[in-house]
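# Working through the structure, step by step
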Amino acid sequence: MNCEKCKNKKATLFYADEGGRRHALCAACGASFNKLGKYEGYTVTEEEAESYLPIPNLYGYPRTSSPEPLYVRIEEDIKCPSCHASASEISDSGELKCPHCYSAFAQILPPAIAGYATVGYAAGAAGRVGAGAGFCGAKMPIARRRAAEKQIRLDELRAKLRSAISSESFELAAKLRDQIKAIDAAN
Amino acid sequence: MSWFNSEGALPSHVLWSRVRYIRNLSSAFYKSDEKTILEAQKKLFEIMQGNGFRKEDIPDGSQIKLRSLAEKQFIPYSLEHSSIHDVYFNEPCSLIISFGGKDIFDIRALLSGRALKDALNIASQAEELLDGDFDFAYSETYGYLSPSPKDCGSGAELSCALFLPAARYFGFKDELCLMADSFGATLLPFLSDAQNHGDIFILSYTLPLGANEKFEAERFDSLIGKIVEREGESERIIFDKERIINTERAARALGELNFARRLCEDELLYDLSAIRLALLLYPEDATELEIAAHTLDKLLASCLSCSTLEGAGVEVKDIGECDGLRASLVRRILAESKAALPAAT
């Protein structure tokens, strides 16, 4: 593979920019491209370059403001165990083939798209509970919501149980313990 | 009633409000497993029948029909590219469930005017109806999953169509875009690839995962209020001084709609904008103009390109024929609405 800029010398520097575009440059063009000379030490051979995949910037999220090369070195092209789609296919098409691809390709999906799960649940714990939608007013599948609501109820009862024990209200503690057992048994 | 058939609606800056949920199956996305998709399609049919939904008749290969439904905001445009698709309407046509697009389930509540909370209730109930019978693809980290990773998360979108002529006229559209952007929403022209979009903009907001839906809907509604207030202030300041010009514009526009033999989409949108502005600023002149506010919505929904072709039910060979069909459709709708107007005293 020749340098894309001078088209004469062999390309030894491979990277993806913030727009996700791949670049292959020779050492001289690469050094002039990066005025800070940060690409020294990132030289790879063409064979090694074949094993590199760029972290896909499929969605317009800037991966990082740093001009560092954005390759992730992997030993082989990852495949989804369910639909057998490969990381390079996903990278090219920009679409995942099945729900299991999310866990199979977690290392190449941008962190920006990870949900605000902990933030949302914390907001729920802080009391912003919406009526009718269950757990903190955020929608989630009914089965999970019921499990989460059950867990919150258990945590509340356990906290009350600890408080009852510490204040030596053993009759109340016994009732709370029975309630906890009943919910656990229902699980 | 569907958003463009709501009779008695007063002229408003908000044409429609929409809440949309996208959902996929935990076992498959659309392209990965046809057998699972066909089973889900059959199951959905049974659920819809049992809950009083009407299945829209879409002839095989009818791209025009699908695009016409998409133009009316009922279904996503991606449905046109899938071979397995169904569309279900509830009785007042305020709730639409489509199956088989890029995201398998697309649930939309679409109401006329500023009615976000009602739309949220309707859509939420429909989503829970399906949740009981389908196992949706969901992850603690990414939320509701989609083939397109940028669409995963809450899978919920709030949107509305806003009529903002002053924003275009006085050039503060960018200010409104920034206002929307700082909220986390987007403000884009309706028919973004058209030169003239009739001063109609779509304001949309994708809910972040874990957010309280009712709380976010209230916040979004207050953003709509701020934008409409900003628009209204500018309209009052300047347009009131140009009453004669604007009423004349509206009258000429109505004349064109009533008598033109060919009408392109741009001309239609321009005329609708002029009439809508006059009705908003001078509602007392509505009788003189002899047109109701909801007729404007009906004209908008029925006379866009694919809707015109679908309504005409004929094939056309060139744009000129389509423009002719559009003009005759507009005249027919106006004649029907005029007949339905109360007699002037």
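Computed from a predicted structure; not experimentally measured.

Turning our attention to the sheet that holds strand 10 (residues 200-206) of chain B. All names here are of chain B. With respect to topology, eight strands assemble into an open sheet ordered 2-3-4-5-1-8-10-9, the strand pairing being antiparallel. A strand with exactly one partner marks an edge of an open sheet, and here the two such strands are strand 2 (54-55) and strand 9 (186-189). Of the pairings in the sheet, the one linking strand 1 (residues 14-23) to strand 8 (residues 156-163) comprises seven bridges and is antiparallel in character. When the bridges of strand 8 are listed, W16 appears paired with A161. Across the face of the sheet, helix 5 (residues 173-183) comes into contact with strand 9 and strand 10 while running at roughly 140° to strand 9.

What follows covers helix 10 (residues 293-302) of chain B. An α-helical segment advances 3.6 residues per turn. Residues three or four places apart therefore align on the same side. Taken across its ten residues, helix 10 of chain B has nine buried, putting it largely inside the fold. Taken together, the buried positions of helix 10 of chain B are A293, H294, T295, L296, D297, L299, L300, A301 and S302 of chain B.

Moving on, we get to the packing of aromatic side chains. Residue and element names in this part refer to chain B. Per the counting criterion, the structure on display carries twelve aromatic pairs over all chains. Considering the side-chain rings of F99 and F105, the 5.6 Å spacing of their centres and the 70° angle between planes classify their relative orientation as edge-to-face. By relative accessible area, F99 is classed as buried at 0%. Members of the aromatic cluster, connected to one another through ring pairs, are W3, F4, W16, F74 and F89. Above the face of the F172 ring, R230 is positioned so that its terminal group lies 4.1 Å from the ring centre. Looking at R276, its charged tip hangs above the ring of F163, at a distance of 5.6 Å from the centre.

A separate point is the nonpolar core. In this structure, L130, L162, L203 and F220 of chain B are the most contacted members of the largest nonpolar core, which totals 110 residues. Per-element tally for this core: the top contributor is helix 8 (residues 265-281) of chain B, with ten residues. Leaving out residues up to four positions away in the same chain, L162 of chain B has contacts with H13, V14, L187, D199, I200, F201, L203, I224, I227 and V228 of chain B. Core analysis: the second largest hydrophobic core is formed by 18 residues, I78, A85 and F105 of chain A together with Y142 of chain B among them.

Residue and element names in this part refer to chain B. Most of strand 4 (residues 95-99) is tucked away: five of the five residues are buried. Of the two faces of strand 4, the one lined by L95, I97 and F99 and the one lined by I96 and S98 are each fully buried. Where strand 3 (residues 86-89) lies against strand 4, four bridges are found, and the strand directions are antiparallel. Across the sheet, residue Y88 finds its bridge partner in strand 4, namely I97. From the end of strand 3 to the start of strand 4, which pair antiparallel, there are five residues, and C93 there has a positive phi angle of about 60°. In the sheet, strand 4 pairs with strand 5 (residues 105-112) via five bridges, with the strands oriented antiparallel. In the sheet register, S98 faces strand 5, and the bridge partner there is D106. Here strand 4 folds back onto strand 5 in antiparallel fashion, the turn holding five residues, of which G100 has a positive phi close to 105°.

How each quantity is defined
- Residues numbered from 1 in each chain as written.
- Chains lettered and ligands numbered in written order.
- Predicted model: local features only at pLDDT ≥ 70, side-chain atom pairs only at ≥ 80, totals over all residues.
- Heavy atoms only, no water.
- Pairing = 2+ DSSP bridges.
- Helix = DSSP H or I, 4+ residues; strand = E, 2+ residues; numbered from the N terminus.
- Contact = heavy atoms within 4.5 Å.
- Axes fitted to C-alpha atoms, helices over the stretch in contact; angles between N-to-C directions.
- Buried < 20%, exposed > 50% of the residue type's maximum accessible area, 1.4 Å probe, protein only.
- Phe/Tyr/Trp six-rings, centres within 6.5 Å; stacked < 30°, edge-to-face > 60°.
- Lys NZ or Arg CZ within 6 Å of the ring centre and 35° of its normal.
- Core = buried A, V, L, I, M, F, W, Y, C linked by side-chain atoms within 4.5 Å.

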